[in-house]
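The chain contents come next:
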Amino acid sequence: MIKKEVKIADLIDETIFNMGNQRHIQMTNEEKAYLNAHFEPFEINKGKLILTKGEEINYLYYLEKGHIRLWFPDKKQREITAQFIKSKEFVNFFLSHEKHHAYYNAKALTTCKLWKLSKTNLLYLYNHSINFNKLARAHMEKGIIHKIRREEKFHTLNAQERYQLLLETEKWLLQIMPLKDIASYLGITPQALSHIRRKI
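Now for a description of the structure that goes with this document. Because the structure is predicted, anything quoted here is derived from the model rather than measured. (Residues numbered from 1 in each chain as written. Predicted model: local features only at pLDDT ≥ 70, side-chain atom pairs only at ≥ 80, totals over all residues. Heavy atoms only, no water.)

Looking at the sheet that holds strand S8 (residues 112–118)
In sheet architecture, strand pairing relies on hydrogen bonds along the backbone and comes in two forms, parallel and antiparallel. Spatially, S1-S8-S3-S6 is the arrangement adopted by the four strands of the open sheet, whose pairing is antiparallel. Strand pairing shows two members of the sheet lacking a second neighbour, strand S1 (40–44) and strand S6 (89–90), which therefore form its edges. Of the strand pairs in this sheet, strand S3 (residues 59–65) and S8 are connected by six bridges, and their pairing is antiparallel. For Lys-65, the partnering residue across the bridge sits in S8 and is Lys-113. (Pairing = 2+ DSSP bridges. Helix = DSSP H or I, 4+ residues; strand = E, 2+ residues; numbered from the N terminus.)

And the structure:
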């Protein structure tokens, strides 16, 4: 059997569907052709950094397969987990016309298959593709909502309640993440997380 070639436009269509925006964002054949022609696939091994905090970003990344952790160091150089990204999601959709630098480190938790689009080609899409602009706005809105809800959890829920909510909404993290990174994501120590897990 001949294996069908994976096309980035089809993957992005799947992402649009998963976001619930298929009625509002429908890429034209011309837009899909541009995506397929200019996104480049590549792989990165488990444990490798895709982005390093502070480095200039020159590509938009899309994660076809795998899991990525976004984190930054605190003043004591401890790793503070900000977000996890799973398959069929964009890694960074916040490039601007000016020089743009990474806010986080982006580390592959598993062997990952990604696609990258150069900043030049991304800016072309911003200037010529209404549907790609809609997608960028939808992705940005999703990111803002995630940030607001995360801040709300930290201010209104205690550690055990935050862990129970993770079990309800992001249980997949427990299948791939070491507990120390889960604890960092919840804003607690690994010892506190172990105590909570024993209680539940």
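Anyway, onward from the coordinates.
A few points about the side chain of Glu-170
Within the secondary structure layout, Glu-170 lies in the loop between helix H5 (159–169) and helix H6 (173–176). Here Glu-170 is in contact with Leu-165 and Tyr-185, once residues within four sequence places are set aside. (Contact = heavy atoms within 4.5 Å.)

Structural notes on the pairing of S8
When you tally the buried positions in S8, you get five out of seven residues, the bulk of the element. Of the strand pairs in this sheet, S1 and S8 are connected by five bridges, and their pairing is antiparallel. Residue pairing across strands places Glu-43 opposite Lys-113, the latter belonging to S8. (Buried < 20%, exposed > 50% of the residue type's maximum accessible area, 1.4 Å probe, protein only.)

Some details on the sheet that holds strand S2 (residues 49–51)
Within the open sheet, the four strands sit side by side as S2-S7-S4-S5. Their pairing is antiparallel. The two strands at the open ends of the sheet, each matched to only one other strand, are S2 and strand S5 (79–86). Along the sheet, successive strands turn relative to each other by an average axial angle of 30°, direction set aside. Contacts between helix H7 (residues 179–186) and the sheet are confined to strand S4 (67–73) and S5, with S5 contributing the most and set at about 100° to the helix. (Axes fitted to C-alpha atoms, helices over the stretch in contact; angles between N-to-C directions.)

Focus: helix H4 (residues 130–156)
With 27 residues, H4 extends 39 Å between its outermost C-alpha atoms, agreeing within 8% with the 39 Å of an ideal straight helix rising 1.5 Å per residue. Here H4 has its buried residues at Asn-131, Phe-132, Leu-135, Ala-136, Ala-138, His-139 and Arg-150. (Expected span 1.5 Å × (residues − 1).)

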